[in-house]
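Analysis of the macromolecular model
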Amino acid sequence: GKTMSPVALTKQYRVIFVCAATHIGLQLARACVSMEIPIGLAFGCNDAEDIRLHYAAAKDYVKNRRTGGIFRVDNSVGDNVEIMICDIKSYILAMNYMIKFNSPDNIILYWDEPTITMDYDYHPIHKTIKDNWCKNIIPNVILSSATLPTQEEMSASISDFCTTFQDAKIYSIGSYDFKKTIP
């Protein structure tokens, strides 16, 4: 359900979908490919050259004259990417890649399960998460989680976000339908 929400957002925005669980990102990628939504993938990237485009997102490529198949995709041309799916480590590279082709105001950072690892006092990914927040220039952020703390519990993070993005508007959407899902 909530993992598919970025698909609807592509009608008005470009989306960077961040998830700590690679298999969730790949499920979204599979769904996007079947719906012919142009996607890019950034998992375990060390630099922008590691970002890969699905053929539907490719703009600059070589076509086989005999079969019509696409090959030699220039992954550095991401004009057509509607959803960039990435892991936490690759977020800054994915963000910089997307802002080469889109205004930051037209991009949504959709972070799936941002509370993963936050129940530990120390975890190696904590530094990366902090760096991502400090370097983020995307003003539109959706935190999607079944275990997201309340706005009151996140007041320090929200305050920091509002300091960086003065025009920020904060909304909270919760579900209390315990028969089918957790809120």
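Heads up: the structure comes first, above all this text.
Cut-off values and rules
- Residues numbered from 1 in each chain as written.
- Predicted model: local features only at pLDDT ≥ 70, side-chain atom pairs only at ≥ 80, totals over all residues.
- Heavy atoms only, no water.
- Helix = DSSP H or I, 4+ residues; strand = E, 2+ residues; numbered from the N terminus.
- Rg over C-alpha atoms; globule rule 2.2 N^0.38 Å.
- Buried < 20%, exposed > 50% of the residue type's maximum accessible area, 1.4 Å probe, protein only.
- Contact = heavy atoms within 4.5 Å.
- Pairing = 2+ DSSP bridges.
- Axes fitted to C-alpha atoms, helices over the stretch in contact; angles between N-to-C directions.
- Core = buried A, V, L, I, M, F, W, Y, C linked by side-chain atoms within 4.5 Å.
- Parallel < 35°, antiparallel > 145°, perpendicular 65-115°, else oblique.
- Nonpolar A, V, L, I, M, F, W, Y, C, P; charged D, E, K, R; others polar.
- Disulfide = S-S within 2.5 Å.
- Polar contact = N/O pair within 3.5 Å; in protein donor to acceptor, adjacent residues only side chain to side chain.

1. Here we look at the overall build of the protein chain
When its secondary structure is counted, the protein chain shows five helices and eight strands. Put simply, the protein chain runs from its N terminus to its C terminus through helices and strands in the order α-β-α-β-β-β-β-β-α-β-α-β-α. Taken over the C-alpha trace, the protein chain has a radius of gyration of 17 Å; the compact-globule value for 183 residues is 16 Å, and the two agree within 12%. In terms of its C-alpha atoms, the protein chain occupies a principal-axis envelope of roughly 60 × 40 × 30 Å. Taken across its 183 residues, the protein chain has 37% of its residues classed as buried. Once local pairs closer than 6 in sequence are excluded, the contacts in the protein chain between residues at least 24 apart make up 66%.

2. Topic: the sheet that holds strand β6 (residues 83-86)
The six strands lie next to each other as β3-β2-β6-β1-β7-β8, forming an open sheet whose pairing is mixed. Two strands bound the open sheet, and with one partner strand each, they are β3 (52-53) and β8 (140-144). Sheet topology note: the strand β1 (residues 14-19)/β6 ladder contains four bridges and is parallel. When the bridges of β6 are listed, Phe 17 appears paired with Ile 85. Strands in contact with helix α3 (residues 91-99) are β1, β2 (39-42), β3, β6 and β7 (107-112); relative to β1, the strand with the most contacts, it is inclined by about 175 degrees.

3. Here we look at the nonpolar core
Among the nonpolar cores identified, the biggest contains 22 residues, and Ile 16, Val 18, Ala 42, Met 84, Cys 86, Tyr 91 and Met 98 are the most heavily contacted of them. Of all the elements in the fold, those that place two or more residues in this core are β1, β6, α3 and β7. Examining the composition of this core, we find that six residues originate from one element, α3, more than from any other. Membership of the second largest hydrophobic core comes to 15 residues, among which are Cys 19, Ile 24, Ile 39 and Ile 85.

4. With respect to the packing of α3 against helix α4 (residues 125-135)
Put simply, α3 and α4 touch, their axes get as near as 10 Å, and they point 25 degrees apart. By the angle between their directions, the pair α3 and α4 is classed as roughly parallel. For the pair α3 and α4, the contacting residues are Tyr 91, Ile 92 and Met 95 in the first and Asp 131, Asn 132 and Lys 135 in the second. Considered class by class, the residues forming the contact of α3 with α4 number three nonpolar, one polar and two charged.

5. Side note on unusual backbone geometry
One non-glycine residue, Glu 36, lies in the positive phi region at around 60 degrees. In the Ramachandran plot, Glu 113 falls in the positive-phi region, its phi being about 55 degrees despite a non-glycine side chain. Overall, Glu 113 belongs to the buried group, its relative accessible area being 19%.

6. Some details on the pairing of β2
Side-chain direction in a regular strand flips from residue to residue, so the side chains alternate between the two faces of the sheet. Bridge count between β2 and β6: four bridges; the pairing is parallel. Note that in β6 the partner of Gly 40 across the bridge is Met 84. As paired elements, β2 and β3 share two bridges and run antiparallel to each other. Paired with Leu 41 across the bridge in β3 is Arg 52.

7. Quick notes on α3
Inspection of α3 places Tyr 91, Ile 92, Ala 94, Met 95, Tyr 97 and Met 98 among the buried residues, and these make up the whole buried set. In the core, the buried residues of α3 are packed alongside β1, β2, β3, β6, β7 and α4.

8. Describing the state of the cysteines
Considering all chains together, one arrives at zero disulfides under this definition. The closest cysteine sulfur to the non-disulfide-bonded Cys 162 is located on Cys 134, 16 Å from its own sulfur.

9. Remarks on the side chain of Asn 102
Mapped onto the fold, Asn 102 is located in the loop between α3 and β7. A polar contact is formed between the side chain of Asn 102 and the side chain of Arg 14, at a distance of 3.3 Å. Setting aside residues no more than four positions away along its own chain, Asn 102 makes contact with Arg 14 and Ile 107.

Nothing here speaks to function; it is all geometry.
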